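In case you want the letters, here they are:
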Amino acid sequence: FEKGEIEYLNAQWDDAIATFDEALEKVVSQLDRSRIFKFKVTLFRMKNDLKDSLDLSLHALKELGYTLNPFPDDDEVIKEIEHFKPILAGSDSETLYNLPQLQDPLKLIALEIMSELMPPAFFLGSRLVFIVGMKMAEITMQYGNVSYSAVGYIFYSGFTLAIYQRDYDNAYNF
């Protein structure tokens, strides 16, 4: 695992992917598997292999209990927005700011992977960009704040509210 990190940091991307593949065969902890997946997702993106980056992100998230469609249609986006509205209802910025600290490392790694999947989803033209911010905010609201919570809020505000719904006032306020 550490060897793969060193190769990753030294831009030896193919070597790092091979090392992480070997490590995946040996690790048993879900947290360690997810960390390796996160590195590989980033490595594929660095190699401009956006499809594999997106696919691996979704595979890693599925192992963590989050199943997302790589290319949702408008009906699915609208369904997710309708699912998220009652979760967000009554939450203002102060409420969100004062949430407890997230303690679950598996929820944290899920947020990290969701953050990593946004660039490939965006550049592949997937409507998934409109869903991910809501999923990140939902995890945050259920389990607590971490630095990635702000990323989810920004994705929700910038992509879902501003771009998809063209609700600029609420996007700005959020």
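Heads up: the structure comes first, above all this text.
Below, the structure is looked at part by part. Every value quoted in this text rests on a predicted model; they were computed, and no experiment measured them.

1. Focus on the overall build of the protein
At step 1: A tally of helices and strands in the protein yields 10 helices and 0 strands.
At step 2: The order of helices and strands in the protein, counted from the N terminus, is α-α-α-α-α-α-α-α-α-α.
At step 3: Its C-alpha atoms give the protein a radius of gyration of 17 Å, within 12% of the compact-globule value 16 Å for 174 residues.
At step 4: When each of the 174 residues of the protein is scored for burial, the buried share is 47%.
At step 5: Once local pairs closer than 6 in sequence are excluded, the contacts in the protein between residues at least 24 apart make up 65%.
At step 6: Per element, the accessible surface of the protein, about 9200 Å² overall, is 52% carbon and sulfur.
At step 7: A distance of 3 Å separates the average location of the 16 positive side-chain charges in the protein from that of its 27 negative side-chain charges.

2. Considering unusual backbone geometry
Glycine aside, negative phi is the norm for most residues, and most peptide bonds take the trans geometry.
At step 1: The phi torsion at Asn48 lies on the positive side, around 65 degrees, for a residue other than glycine.
At step 2: Here Asn48 shows up in the loop between α3 (30-46) and α4 (50-63).
At step 3: Unusually for a residue other than glycine, Arg166 sits at a positive phi of about 55 degrees.
At step 4: Tracing the sequence through the fold places Arg166 in the loop between α9 (147-164) and α10 (168-173).
At step 5: The class of Arg166 is exposed, set by a relative accessible area of 59%.

3. Some thoughts on the pattern of salt bridges
At step 1: One pass over the full model with this rule turns up 11 salt bridges.
At step 2: With a shortest N-O distance of 3.6 Å, Lys3 and Glu7 are connected by a salt bridge. Placement of the pair is Lys3 and Glu7 together in helix α1 (residues 2-9), with a separation of 4 residues, close to one helical turn.
At step 3: Among the salt bridges present, the one from Lys135 reaches Glu80, with a minimum N-O distance of 3.1 Å. Remark: Glu80 occurs in helix α5 (residues 74-88) and Lys135 occurs in helix α8 (residues 129-143); sequence separation between them is 55 residues.
At step 4: Here Glu80 falls in the buried class, since its relative accessible area comes to 17%.

4. Quick look at the environment of Lys3
At step 1: Using a relative accessible area of 53% as the deciding quantity, one classes Lys3 as exposed.
At step 2: For Lys3 and Tyr66, which are 63 residues apart along the polypeptide, the C-alpha to C-alpha distance reads 29 Å.

5. Some points on α8
Side chains that are three or four residues apart share a direction in an α-helix, a result of its 3.6 residues per turn.
At step 1: Counted at 1.5 Å a residue, the expected span for α8 with its 15 residues is 21 Å, and the 22 Å between its end C-alpha atoms agrees.
At step 2: When you tally the buried positions in α8, you get 13 out of 15 residues, the bulk of the element.
At step 3: Backbone geometry just after α8 places Gly144 at a positive phi near 120 degrees.

6. Describing the side chain of Ser57
At step 1: With respect to the helices, strands and loops of the structure, Ser57 is situated in helix α4.
At step 2: Aside from chain neighbours lying at most four places away, what touches Ser57 is Val41, Ile113 and Leu117.

Procedures and definitions
Residues numbered from 1 in each chain as written. Predicted model: local features only at pLDDT ≥ 70, side-chain atom pairs only at ≥ 80, totals over all residues. Heavy atoms only, no water. Helix = DSSP H or I, 4+ residues; strand = E, 2+ residues; numbered from the N terminus. Rg over C-alpha atoms; globule rule 2.2 N^0.38 Å. Buried < 20%, exposed > 50% of the residue type's maximum accessible area, 1.4 Å probe, protein only. Contact = heavy atoms within 4.5 Å. Areas by Shrake-Rupley, 256 points an atom, 1.4 Å probe, with all protein chains shown as cover. Lys, Arg positive; Asp, Glu negative; His and termini not counted. Charge placed at Lys NZ, Arg CZ, Asp CG, Glu CD. Salt bridge = Lys/Arg side-chain N within 4 Å of Asp/Glu carboxyl O. Expected span 1.5 Å × (residues − 1).

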